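Commentary on secondary and tertiary structure
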Amino acid sequence: KESVCFVVAFAAIALTGHAAVYTVTGPIVYPANGHSYYLTSQSTWTDAEAYAQTLGGHLATVNDLAEDLWILNTFAPLTGSSHPSLWIGFNDAAVEGTFVWASGEPVTFTYWYPGEPNDLGGEDYATIRAPAEAPPVGSWNDRANTIGDASDPMFGVIEVVPEPSVAVLTGLGVAGWVAFRRKGKPEG
């Protein structure tokens, strides 16, 4: 069984030039926003983002320091590495120096390590820095599109925003219908 997995993984790398991305763990729900998060296997940013889209999400959009630290403290220990970096959806791949979220959400928070982003050698993709690195803990670094190596592996953190429930949508529809009906009635 292990040899079959190795052959399939080797074939995927040989045919595509990329390692197959898979879910290491998840979903884990962040209580503050109700979104589901997943940790990917070691991967490039672009492969992790493509995989995220197959799950109905994107690499994580970080909206505040509490979410940033929750992602770091929840997922870094699950990588099995003593020095992991975590891909998030922040990138300037389209326009150098203009960072955007892969999800398309507006940029309301950043947490760059001092001196970052520096685009050293074509770095277009943001990571949450490994917990063992110099403070500030959980700060970001721009990186090249690589899987890293054994001493500095890169893992993706995917965020999936739940679809509104049918009950919520029905309630909104009924409220809208009631409001519409009230507007149409003559006064008095």
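As a reminder, the structure under discussion sits directly above these lines.
Given the structure is predicted, the values throughout are model-derived calculations rather than measurements.

1. With respect to the overall build of the chain
Within the chain, the secondary structure is distributed over four helices and nine strands. Going from the N terminus to the C terminus, the chain shows its helices and strands as α-β-β-α-β-α-β-β-β-β-β-β-α. By residue count, 36% of the 188 residues in the chain fall in the buried class. Looking at the chain alone, contacts between residues at least 24 apart form 66% of all its contacts between residues at least 6 apart. Accessible surface computed for the chain: about 10400 Å², of which carbon and sulfur atoms make up 63%.

2. Brief notes about the nonpolar core
Of all hydrophobic cores here, the largest spans 22 residues; its most connected members are Ile-71, Leu-86, Ile-88 and Trp-140. Secondary-structure elements contributing two or more residues to this core are strand S2 (36-42), helix H3 (65-75), strand S4 (85-91), strand S6 (125-128) and strand S9 (152-160). Among the elements that take part in this core, H3 stands out by supplying four residues, more than any other. Not counting residues up to four positions away in its chain, the partners in contact with Ile-71 are Tyr-37, Ala-60, Val-62, Ala-76, Leu-86, Ile-128 and Val-157. The next biggest cluster of nonpolar side chains, apart from the first, holds 10 residues, and it includes Trp-45, Leu-59, Trp-87 and Ile-158.

3. A closer look at the side chain of Glu-159
By secondary structure assignment, the location of Glu-159 is in strand S9. For Glu-159, the residues in contact, after removing those within four places along its chain, are Asn-33, His-35, Ser-36, Tyr-37, Gly-57, His-58, Leu-59, Ala-60, Thr-61 and Glu-67.

Reading guide: rules and limits
Residues numbered from 1 in each chain as written. Predicted model: local features only at pLDDT ≥ 70, side-chain atom pairs only at ≥ 80, totals over all residues. Heavy atoms only, no water. Helix = DSSP H or I, 4+ residues; strand = E, 2+ residues; numbered from the N terminus. Buried < 20%, exposed > 50% of the residue type's maximum accessible area, 1.4 Å probe, protein only. Contact = heavy atoms within 4.5 Å. Areas by Shrake-Rupley, 256 points an atom, 1.4 Å probe, with all protein chains shown as cover. Core = buried A, V, L, I, M, F, W, Y, C linked by side-chain atoms within 4.5 Å.

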